[in-house]
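Fold and geometry: a report
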2 protein chains.
Amino acid sequence: MTDRPHVVIVGGGFAGLEAAKKLGRMPVRVTMVDRANHHTFQPLLYQVATAALNAGEIAKPIRSVLRRYPNLSVLLGNVTRVDVAARSLELADGAVVHYDYLILAPGVRHSYFTRPEWEALAPGLKTIEDALEIRRRVLLAFERAERSESSDERHRLLTFVVVGGGPTGVEVAGAIAEIRRYALARDFRHIDPRDATVLLLEGGPRVMPSYPAELSQKAKESLRRLGVDVRTDSMVTSLEPGAVISAGWTIPTETVVWAAGNAASPLLQTLGVPLDGAGRPIVEADCSIPGHREVFVLGDAAAFRHDPKYPVVLPGVAPVAMQQGRYAARAIAADLRKQERIPFKYVDKGQLAVIGRGQGVADIGPFHIAGLLAWLAWIFIHILYLIGFANRIVVMFRWAVSYLTFERGARLITREWKAG
Amino acid sequence: MTDRPHVVIVGGGFAGLEAAKKLGRMPVRVTMVDRANHHTFQPLLYQVATAALNAGEIAKPIRSVLRRYPNLSVLLGNVTRVDVAARSLELADGAVVHYDYLILAPGVRHSYFTRPEWEALAPGLKTIEDALEIRRRVLLAFERAERSESSDERHRLLTFVVVGGGPTGVEVAGAIAEIRRYALARDFRHIDPRDATVLLLEGGPRVMPSYPAELSQKAKESLRRLGVDVRTDSMVTSLEPGAVISAGWTIPTETVVWAAGNAASPLLQTLGVPLDGAGRPIVEADCSIPGHREVFVLGDAAAFRHDPKYPVVLPGVAPVAMQQGRYAARAIAADLRKQERIPFKYVDKGQLAVIGRGQGVADIGPFHIAGLLAWLAWIFIHILYLIGFANRIVVMFRWAVSYLTFERGARLITREWKAG
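Residues numbered from 1 in each chain as written. Chains lettered and ligands numbered in written order. Predicted model: local features only at pLDDT ≥ 70, side-chain atom pairs only at ≥ 80, totals over all residues.

A count of helical and extended segments in chain A gives ten helices and 23 strands. Taken against the 2.2 N^0.38 rule, which gives 22 Å for 420 residues, the C-alpha radius of gyration of chain A at 22 Å falls within 12% of a compact globule. Taking the principal axes of the C-alpha coordinates as reference, chain A spans close to 70 × 50 × 45 Å. By residue count, 52% of the 420 residues in chain A fall in the buried class. (Helix = DSSP H or I, 4+ residues; strand = E, 2+ residues; numbered from the N terminus. Rg over C-alpha atoms; globule rule 2.2 N^0.38 Å. Buried ≥ 20, exposed ≤ 12 C-beta atoms within 10 Å, placed from the backbone.)

Residues and elements named next belong to chain A. Given a rise of 1.5 Å per residue, 14 residues ought to cover 20 Å, and the 20 Å separating the end C-alpha atoms of helix H9 (residues 372-385) matches this to within 8%. Among the residues making up H9, those that are buried are Ala 374, Trp 375 and His 382. When H9 is viewed along its axis, its buried side chains cluster within an angular range of 100° and face the same direction. More than 90 degrees from the buried face of H9, the exposed residues found are Leu 372, Leu 373, Phe 380 and Leu 384. (Expected span 1.5 Å × (residues − 1). Arc of directions from axis to C-beta.)

As a further point, take the domain arrangement of chain A. All names here are of chain A. Assigned domains within chain A: domain 1 (6-35 + 77-110 + 262-336) and domain 2 (116-260 + 350-419). Summarising the inter-unit geometry, the C-alpha centres of domain 1 and domain 2 are found 31 Å apart. Across the contact, four residues belong to domain 1 and five residues belong to domain 2. Residues belonging to the side of domain 1 that touches domain 2 are distributed by class as follows: two nonpolar, one polar and one charged. (Domains from an automatic or database assignment. Contact = placed C-beta atoms within 7 Å. Nonpolar A, V, L, I, M, F, W, Y, C, P; charged D, E, K, R; others polar.)

Rotating chain A by 180° and moving it 0.0 Å along the rotation axis overlays it on chain B with an RMSD of 0.0 Å. Between the two chains, the operation in question is that of a two-fold axis. In this assembly, 100% of the residues forming the interface of chain A have copies in chain B that are likewise at the interface, indicating an isologous arrangement. (Least-squares fit on C-alpha atoms with pLDDT ≥ 70 in both.)

This part is about the sheet that holds strand S8 (residues 96-98) of chain B. Residue and element names in this part refer to chain B. Spatial ordering of the open sheet is given by S6-S7-S8, a layout of three strands whose pairing is antiparallel. Edge positions in the sheet fall to strand S6 (79-83) and S8, since each of these pairs with one other strand and no more. Sheet twist, expressed as the average angle between the axes of neighbouring strands with direction ignored, equals 25°. Of the pairings in the sheet, the one linking S6 to strand S7 (residues 88-91) comprises four bridges and is antiparallel in character. Across the sheet, residue Asp 83 finds its bridge partner in S7, namely Ser 88. (Pairing = 2+ DSSP bridges. Axes fitted to C-alpha atoms, helices over the stretch in contact; angles between N-to-C directions.)

For the rest of this paragraph, the subject is the interface of chain A and chain B. With 45 residues of chain A at the interface, the matching set in chain B holds 45 residues. Those elements that provide at least two residues to the side of chain A that touches chain B are strand S4 (59-61), helix H3 (62-65), strand S5 (72-76), helix H4 (128-147) and helix H10 (389-405) of chain A. At eight residues, the largest contribution of residues to the side of chain A that touches chain B is made by H4 of chain A.

With that settled, consider the environment of Glu 407 of chain B. Residues and elements named next belong to chain B. For Glu 407, the position within the fold is in the segment after helix H10 (389-405). The class of Glu 407 is buried, set by 21 C-beta atoms lying within 10 Å. Between the C-alpha atom of Glu 407 and that of Leu 184, which follows or precedes it by 223 residues, the distance is 8.2 Å. With residues up to four places along the chain from it excluded, the contact list for Glu 407 reads Ala 183, Val 401 and Ser 402.

The next point concerns the pairing of strand S16 (residues 249-252) of chain A. If a strand is regular, its side chains alternate between the two faces of the sheet. Residues and elements named next belong to chain A. Here strand S15 (residues 243-246) runs beside S16; their pairing, made up of four bridges, is antiparallel. When the sheet's bridge partners are listed, Ala 243 is paired in S16 with Pro 252. Hairpin connection from S15 to S16: two residues lie between these consecutive antiparallel strands, with Ala 247 at a positive phi of about 50°.

Time to look at helix H1 (residues 14-23) of chain B. Most of H1 of chain B sits inside the fold, with eight of its ten residues counted as buried. Every buried residue of H1 of chain B is accounted for by Phe 14, Ala 15, Gly 16, Leu 17, Glu 18, Ala 19, Ala 20 and Leu 23 of chain B.

Let us now look at unusual backbone geometry. Phi angles above zero are rare outside glycine, and Arg 87 of chain B is one such case at about 55°. With respect to the helices and strands, Arg 87 of chain B occurs in the loop between S6 and S7.

Residue and element names in this part refer to chain B. Inspection of the secondary structure puts Val 8 in strand S1 (residues 6-10). Separated by 287 residues in the primary sequence, Val 8 and Val 295 place their C-alpha atoms 9.7 Å from one another. Residues contacting Val 8, with those up to four places away along its chain left out, are Thr 31, Val 33, Leu 89, Val 97, Tyr 99 and Leu 102.

Our focus in this paragraph is the packing of H10 of chain A against H10 of chain B. Between H10 of chain A and H10 of chain B, whose axes approach to 11 Å, the crossing angle comes to 170°. The orientation of H10 of chain A with respect to H10 of chain B, classified from their angle, is roughly antiparallel. Note on element contacts: H10 of chain B touches H10 of chain A through Ala 390, Ile 393, Val 394, Phe 397, Arg 398 and Val 401 of chain B, opposite Ala 390, Ile 393, Val 394, Phe 397, Arg 398 and Val 401 of chain A. Among the residues making up the contact of H10 of chain A with H10 of chain B, the classes are represented as ten nonpolar, no polar and two charged. (Parallel < 35°, antiparallel > 145°, perpendicular 65-115°, else oblique.)

Residue and element names in this part refer to chain A. Spatially, the three strands line up as an open sheet ordered S14-S15-S16, and their pairing is antiparallel. The sheet terminates laterally at strand S14 (236-240) and S16, the two strands that pair on one side only. Strand after strand, the sheet turns through a mean of 15° between neighbouring axes, direction not considered. Both S14 and S15 contribute to a ladder of four bridges, which runs antiparallel. By the bridge assignment, Val 236 is partnered in S15 with Ser 246.

Pasting the structure below:
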């Protein structure tokens, strides 16, 4: 088995897992490297951040997902450098891993453009740790407001600002608006959580810019019905402790969630190939990097510009990543059989988002749907793709309980044990 | 309502919640203060630490548990001092709360006797944060062993030491032994998790010293069948990074769990009343402190010495805490009606512990039971007393899945988001 080609996959997200599952049945050796021990179902992260689900309910150990493939091993490790000439990777602890094929799918982190110091003031939402930190901040703000003697401080604590009007920002703002109206409504004595202000700041002219204009409008109306103050054309010009400054407004707040921009992993800079403005390698039609057919970059870490519908870049969504993961495995299979690689083609099945109880938007081919039907479609698709049988059952059960009781089942504030 | 007596409860554990529920129906004002926003079902903490359950599944916000009582408010806060003369409490942020009655039920922390520096090397298991830290260490040890090139390091990483042979130590050791044999067995390529060593070190002559000797023996046999190396009369004399020294042995290990001793909250020292060796106030027959009938100390924070069966101290278990919580509320009710307080009497229904799949021990009055029946009784009682309808359903479901598949549903390593 050691003379089989060695395929190294970096990242156990949607792209990496799909590639691994296909490669697990091929005559290759596979090594999967990830910084986390678990795959995270990112589309439901905002539900962990807003106390609807527990962290473990949307995650599963990469090891146990890939257990059935004997040609595949999983390493917990942080890749710091790729040496494309030597065909090797370096890990943070100094270990070196050689590859014949490399599949890079490290995902993205939120980006603060030229202001990295904003991260401490406004966490983003990409990992389980991010989600738990946002949940902690949101729930603690209500707790601190309950104890505050100053009405200015109370107002500041009860103002929640979400920066960025894409699907993540819309989902987070909708969910905070819902918990303050329902789950928390009767739990406090000195404040009324329903008085809390939820602001969604979008720099462009409309929310959900990747959707058709009529669905942007529907989404905005749904948000308004939930009591979210939606402000478009409102770029954030400054973040300070205790305040957001946007379009001339100074908004006193203690809780800011950042959903406004992404940057690719710094690891990709070590490839030495042209990157786009977000730091993503501009890949070939077969998802490989120029000059190195053996190195693939997949998912939202790549700038794929060969789709006529998306000439700038394919969207950073799970279906693109999953299709590219399977594609990369097929391209390697073609190489092994000495066949030609067929260029990658994205089969676009549309996009879906939810705004709150019974409210969703769906953009599926010619169908632009808003409301209950889109919400039901979203539930069905997310349960279907969620990894792990037990997780599917538990998430369905939690959603049913939340729907019936208006409660949220994961209202837990945790921190490092040393702080206890 | 402001002329009603003000009862302040410190601690939302079993004692505090039971007191609150009874006081919530009485003509008093109640304030519940806790450092955490949630009640933790401590008897199942070891299942969070060993990846069987998610943190949120054994916890519920204190606010939502007590929502129905309009005379009761909940504060998130850390009480640092009691001034019994002024009848007031001081919180860490300087706030002062006055009381007419005070119910102190702050619980205990694990204690390292004269060696507080051992805490960083060997975390205990009292809070959700503790459990997540132990889970992180246990799972990371397997991950690091998988990547290690040195056989000495691999041995050290695959040695798990549990210090203390009481119920917590026995349950943790049994659960680690089980996951290494079943849930993790087929997930690694370079190590065999079944080779991992699990050691239980007990300073005294037998494990489960609070149980009848025959059940101690049964528990030891169950542990041995699971492959736990049980060493009695083995006091830990030193803890160092990378090793435990006990009864002359030097045991190289990276993962130590401390279940060997408790100390009461330092808050109790500010009462100015006699404490026992573990820092617990020696309370009167009505659970109040000498000279202050309006101050109760309950649960494992108190040394109650008026029970002929337990002349030294009542055991630090949930039934004692719950009965004392209800008792304190009744004592206050008696005062309000100008009646005499009846001394507290513990109704001892026995004790139960599990060691692993289908293995439990139960000491219930004249019945000393070991095996499947004790295990089933344990499951029934723990589901019955777990707080929250949704938690009961999810925990039952997770146990059923674990039983059928040998899997563990919460194998998540998380840390502070800044570390990501």
